Amino acid sequence: MSKTVETEGALETRGIEQVPDRERTAKTRELFPTWVGANISVLLLTMGASLVVAYHLNIWQALVVAVSAPIVSYGLVGLIGIAGKRGGAPGMALSRAVFGQRGNLLPGSLIWVARWGWETINAVTGAYAMLTILDILFGIRANSVLDMVTLLVFVVATFAISGLGINAVQKCNKYATYLFGVFSVLVLGYLVANTDWSKVMDHSAGSTAAVITGIGMIAAGGVSWIPSAPDFTRYLPRTASSKAIVGTAVGGAGVVVLPMVLMGAVMAVSTPDLASASDPVSFLGEILPTWIAVPYLCIALIGMLLINSMSMYSAGFTAQTLGFKVPRHWAVSVNAVISLIFGGVLMLVATSFMGSFIAFLSLLAVAFSAWVGVFGADMLRRTEYDAGAMADTTRTSAYSYRGGFSPAAVAAWAIGLVSGLMFTTSDWFTGPLAKNNVIGEYGLGWVATIVISGLLYLALPKPAVTTPARAEEPAEEPVTAGV
C-alpha cells in the first residue's frame, strides 16, 4: 500500500490541483484491480449474448471480439493514463493545457453530460441486481415503489464510496477482484458442465462487419474511461513505467471482459431472449442455481457500485474544472442526484433497456473520442504540465492562449466530433454518411473521430509548449515505481 493511502486518511481532500512529487508514491501494480473493478458488470454478459443473437456471431468470432475489445479500448486508457504520471493531475485538469482554460469547458461539458448517461445505466443495472436478489431469496416481486427504493439505495452507496475518494475506491476494487474471480470460476464450471456444446459449436458464423461492429460495441465501455485514466495515475511518480501503466489497464480489463463476454455468448445459445430482455439481470436467477446465482449477483452488485463510484469520482473533477467552486466530494453529489433522476425515468418508462444501452454506447464512444484524438495527439509533443498555469484561470495564465481558447484544439475537437457523428448509426440517431461505406457499415464512427480530430490537431498551428519550472522539494528516501 502506498504512503498516500496511509497518510491522507479515509477522506481524500485533494481536488484538481497537481499532486506534489513527495506524495506521488503509488505503484503501477495497484492499477490492476482498479481496471478489474471498472469492468465487473453483468452488462458484459448481456452484450456477449447480443453478439450471438443480434450480430449472429459464432463462439469463435465472439472470442475474437472478447480478446480484441479490451486491447483496443484499454490500450488507449493506458496510453492516456501516462499523462497522469507526467502531470500529477486529473485528466480534465490536464486538458486545460491542450484546449485552453475556457476552451476546455467545451469538451469538459460534453464529457460530464455523457457521464450522466453512463452512471444512470449502471445505477439502473445495480437496482435490477438488488431486485433480482430479493426475488430469488424472498419472493418479493418488483413494483414501481421498490424500483425507486433500490435505485436510491444504490446511488447513496455509490456516493458514499466515491465521496471518500481514491483510497476507498482502490481498497474496494482490491477485495472485489478476489471475490469476483472465485465466483466467476464457479459460473464457468457450471456452464461447462451444463451447456449443450454441440449447439454452441454448430452456430453459423456472422459477417466480418458484424465482428468489427461487435468489437466497437464492447470497446465503447472502455473508451468512456479514457479521459478518466490520469485521475487514477496521478499519484504515480514520474519514473513509473509507461509500459506497466498500459499493461495493467489492458490486463485488468481483459481478465474480466474475456470470460464474461464468452459466458454471455454461451448462455445466449440456450436462452436467446437474454439479449433483448427488458431487465438485463434477472436472467441469472433463471439460468443459474440459487447457490451460484445469489453470491454472483452480490459480487456483480458490488462491481457495479465500484464502476459507478469510479465514474462519479472522475465526474467530481470534471465538475470542478467546469467552475463548480465546491470540494470534490460535494461535486460528486451533483452526478449522484442526476443519476437518481434519470435512472428513475429509465426504470419506469423505457421499454427496452438493452436497445437504449447499445444506442447510448454508440454515441458515448464518439463523444469521448473527439477529446481522445486531440489530447492524445498533444501528448506526442508535451511531456510536462505547468501546475500554476492549470490552476490560474485568469488571462495571465500560460494556458489562456487566445482569450482562453486554443484554436487548433477546439477546431480539431469540434470537426472530429461532427465528422464521427455523421458516420454513426444507432436507434436514436443515424448520421448522413453512415450508409454505403466501410466506416459506417463496420461501426467505426468513433475510430474516425479519433483519427480525424488527432490528425487535424497535428496539422493546425499550435501555441509553443513551454517547460514549467519545478521548485526543489525536500529530499526524501528514494521512491521506486512498482510494476
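Residues numbered from 1 in each chain as written. Predicted model: local features only at pLDDT ≥ 70, side-chain atom pairs only at ≥ 80, totals over all residues. Heavy atoms only, no water.

Draft legend 1. Region of the structure containing the packing of aromatic side chains. For the coordinates displayed, the defined rule picks out seven aromatic pairs. Measuring from centroid to centroid gives 5.3 Å for tryptophan 112 and tryptophan 116, while their planes differ by 70°, and the two rings are edge-to-face. With tryptophan 112 and tryptophan 116 both in helix α7 (residues 105–138) and four residues apart, this pair spans about one turn of that helix. Taking relative accessible area as the criterion, tryptophan 112 reaches 9% and is therefore assigned buried. Residues tryptophan 116 and phenylalanine 342 carry aromatic rings whose centres are separated by 6.1 Å and whose planes lie at 70° to one another, so their mutual orientation is edge-to-face. Highlighted residues: tryptophan 116 in helix α7 and phenylalanine 342 in helix α16 (residues 328–349), separated in sequence by 226 residues. The exposure class assigned to tryptophan 116 is buried, which follows from its relative accessible area of 18%. An aromatic cluster of three or more residues is present, and its members are Trp35, Tyr74, Trp225 and Phe232. Its guanidinium or amino end placed over the ring of tyrosine 457, lysine 462 lies 5.1 Å from that ring's centre, counting from NZ or CZ. (Phe/Tyr/Trp six-rings, centres within 6.5 Å; stacked < 30°, edge-to-face > 60°. Helix = DSSP H or I, 4+ residues; strand = E, 2+ residues; numbered from the N terminus. Buried < 20%, exposed > 50% of the residue type's maximum accessible area, 1.4 Å probe, protein only. Lys NZ or Arg CZ within 6 Å of the ring centre and 35° of its normal.)

Draft legend 2. Main features of helix α15 (residues 290–321). If you check α15, its first and last C-alpha atoms are 46 Å apart, about what 32 residues at 1.5 Å a residue would give, namely 46 Å. Most of α15 is tucked away: 27 of the 32 residues are buried. Glycine 323, located one to two residues past α15, shows a positive phi value of around 110°. (Expected span 1.5 Å × (residues − 1).)

Draft legend 3. How the structure looks around the pattern of salt bridges. One pass over the structure, following the stated rule, counts five salt bridges. For aspartate 135, the salt bridge goes to arginine 141, with nearest N and O atoms at 3.2 Å. Note on arginine 141: relative accessible area 61%, which makes it exposed. Here the residues in one salt-bridge network are Asp21, Arg24 and Arg238, joined through shared partners. (Salt bridge = Lys/Arg side-chain N within 4 Å of Asp/Glu carboxyl O.)

Draft legend 4. View of the packing of α7 against α15. The geometry of α7 relative to α15 is characterised by a closest axis approach of 9 Å and an angle of 160° between their N-to-C directions. Judged by the angle between their axes, α7 and α15 are roughly antiparallel. For α7 against α15, the interelement crossing comes out left-handed. Here the contact of α7 with α15 is composed, by residue class, of 19 nonpolar, eleven polar and two charged. (Axes fitted to C-alpha atoms, helices over the stretch in contact; angles between N-to-C directions. Parallel < 35°, antiparallel > 145°, perpendicular 65-115°, else oblique. Left-handed = near helix turned anticlockwise from the far one by under 90°. Nonpolar A, V, L, I, M, F, W, Y, C, P; charged D, E, K, R; others polar.)

Draft legend 5. Region of interest: the packing of α7 against helix α19 (residues 407–422). Running from N to C, α7 and α19 point in directions that differ by 40°, and their axes come no closer than 10 Å. As summarised for this structure, α7 and α19 are arranged oblique, according to the angle between their axes. Residue-level inspection shows Leu106, Pro107 and Leu110 of α7 in contact with α19, the latter providing Val410, Trp413 and Leu417. Per-class residue counts for the contact of α7 with α19 are six nonpolar, no polar and no charged. (Contact = heavy atoms within 4.5 Å.)

Draft legend 6. Examining the confidence of the model for the chain more closely. Across the chain, the average pLDDT comes to 83, with 87% of residues at or above 70. Helix α4 (residues 59–87) holds the highest mean pLDDT among the elements of the chain, 96, whereas helix α1 (residues 3–8) holds the lowest, 41. Throughout residues 1–9 the model reports pLDDT below 50, and contacts reaching past four residues in sequence, or to other chains, amount to 21 contacts. The low-confidence segment residues 471–483 (pLDDT under 50) makes 21 contacts with residues lying over four places distant or belonging to another chain. (pLDDT = per-residue confidence, 0-100.)

Draft legend 7. Summary view of the environment of phenylalanine 154. Among the structural elements, phenylalanine 154 can be located in helix α8 (residues 144–164). Contacts of phenylalanine 154, omitting those with residues within four sequence positions, involve Asn122, Ala123, Gly126, Ala127, Met130, Leu301, Met304, Leu305 and Asn308.

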